[in-house]
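One-letter residues, chain by chain:
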Amino acid sequence: MRRKTRTPPPPLPQRHGVDPVRVRLPATGSWATVREHLVERLSGAGDGTVDGMFDAGLIVGADGRPVAADAPYVPGMFVWFHRELPAEVPVPFPLEVVHRDEHIVVADKPHFLATTPRGGHVAETALARLRRELDLPTLTAAHRLDRLTAGLVLFTVRPEERGAYQTLFRDRRVRKEYEAVAPYDPALALPRTVRSRIVKERGVLTAREVPGEPNAESRVGLLGHRPAEATAEGTGPLARYRLVPATGQTHQLRVHMTALGVPILGDPLYPEVTGPAPAGDFRRPLQLLARVLEFTDPVTGTEHRFRSGRVLTAWASYDRWAAGASDGPRPGQ
């Protein structure tokens, strides 16, 4: 039985709440030096970037010492470096902490803020913000919430406990309840359970339903509806929905609401993909909110039930939402 290689701890500190990049050299390859491999692997970084990092001593080994550009290639070797942080427009909405103890942090994430560093969103993420604001460099995310979705996200404080909390989500032992604002269709019989097979292909923005054994299940209920009013989507009544997913496929709730003929307000992907919003455009946030998070704590045995204090703006005032107002706390909070 092959023994799993233990990953050394990072020899570099975090920057702006962001971990250094770790690269493990592949077990097989024809590279003579570490530099040759990194030049090929990081080809998208631009000509001369890797050489400049070597010259500046920014690429280090497990002992924290700079790796020489002509260091021989060693299969399985680890190297670390800090990525060049992209220019990011700060998300101008607060990230609220609704619970904190020695094991977990539960945050109420605003729209437009990514959960963890990815792509062009690195320092402006919920994880990096919380690490900085709470001075918790070991904080990690137990799951992810879409950047465009607001609401509750669970983070773990101790690295050795992260797996126990991630297992809750893997084994579907977390009850999640969402709210959404979408058009109202009086002919749509609710509540109902929607089941379908959803696939999301790498490199494709949207997920889609295909024939086959269902792998996605959502319970959709009606919380209330309002008379017709003029909206950018047309003149028609709006409704507030309760959505309870039994599974966790990518964009599942957005796909299921679209399939029911009531796509969620502010969705740039469903039913049609619209052009990407320019950086700093925080208008018309997706009206989807992770409202409730319930689970039994795998470490302490405590029964947790957390509830977001946000109000979906399009429900409180469609005009304010269309003008760019964010989903804020309930009155009195």
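Residues numbered from 1 in each chain as written. Predicted model: local features only at pLDDT ≥ 70, side-chain atom pairs only at ≥ 80, totals over all residues. Heavy atoms only, no water.

Student: I tried to follow the overall build of the protein on my own but got confused; where do I start?
Tutor: Along its length, the protein carries seven helices and 15 strands. Overall, the C-alpha framework of the protein stretches about 70 × 45 × 45 Å when taken along its three principal axes. Of all 333 residues assigned to the protein, the portion counted as buried reaches 44%. Here the protein carries 45 positive and 38 negative side-chain charges, and the mean point of each set is 4 Å from the other. (Helix = DSSP H or I, 4+ residues; strand = E, 2+ residues; numbered from the N terminus. Buried < 20%, exposed > 50% of the residue type's maximum accessible area, 1.4 Å probe, protein only. Lys, Arg positive; Asp, Glu negative; His and termini not counted. Charge placed at Lys NZ, Arg CZ, Asp CG, Glu CD.)

Student: I tried to follow the pairing of strand β14 (residues 288–296) on my own but got confused; where do I start?
Tutor: Along any regular strand, the residues point their side chains to alternate faces of the sheet. Burial of β14 is extensive: seven of the nine residues sit out of reach of the surface. Alignment of strand β6 (residues 150–156) against β14, held across two bridges, turns out to be parallel. Its bridge partner lying in β14, Gly-151 is registered against Ala-290. Strand direction decides the pairing type here: strand β7 (residues 175–183) and β14, joined by six bridges, are antiparallel. Across the sheet, residue Glu-179 finds its bridge partner in β14, namely Leu-289. In this sheet, strand β15 (residues 303–307) lies alongside β14 in antiparallel orientation, the contact comprising five bridges. (Pairing = 2+ DSSP bridges.)

Student: Hey, could you run me through the pattern of salt bridges in this one?
Tutor: Pairing is possible between side chains that carry opposite charge, provided their charged atoms lie close to one another. The full count for this structure, using the stated rule, is 20 salt bridges. The salt bridge involving Asp-108 is made with Arg-310; its shortest N-O contact spans 3.1 Å. Of this pair, Asp-108 sits in strand β4 (residues 104–109) while Arg-310 sits in the loop between β15 and α6 (313–316), and the two are 202 residues apart along the sequence. Here Asp-108 and Arg-310 have matching classes, each one buried. (Salt bridge = Lys/Arg side-chain N within 4 Å of Asp/Glu carboxyl O.)

Student: It is not clear to me how the packing of aromatic side chains should be interpreted in this structure. Could you clarify?
Tutor: The description of an aromatic ring pair uses the distance of the two centres, along with the angle that the planes make with each other. Inspection of the entire model under this criterion finds seven aromatic pairs. Following the ring pairs from residue to residue traces out a cluster consisting of Phe-93, Phe-112 and Phe-282. Stacked on the ring of Trp-315, the Lys or Arg Arg-226 has its end atom at 4.1 Å from the ring centre. (Phe/Tyr/Trp six-rings, centres within 6.5 Å; stacked < 30°, edge-to-face > 60°. Lys NZ or Arg CZ within 6 Å of the ring centre and 35° of its normal.)

Student: What am I meant to see in the nonpolar core here?
Tutor: In summary, soluble globular proteins display a tendency toward joint burial of nonpolar side chains. Counting residues in hydrophobic clusters, the biggest one holds 37 residues, and the most contacted among them are Leu-139, Phe-155, Tyr-241, Leu-243, Met-257 and Leu-288. Every element with two or more residues in this core is listed here: β4, α3 (126–134), β6, β7, β13 (238–245), α5 (252–259) and β14. In terms of residues, this core owes the most to one element, α3, which gives four residues. Excluding residues that lie within four positions of it along the chain, Leu-139 makes contacts with Val-105, Leu-127, Leu-130, Arg-131, Phe-155, Thr-156 and Val-157. With 15 residues, the next largest nonpolar core counts Leu-25, Trp-31, Leu-38 and Val-50 among its residues. (Core = buried A, V, L, I, M, F, W, Y, C linked by side-chain atoms within 4.5 Å. Contact = heavy atoms within 4.5 Å.)

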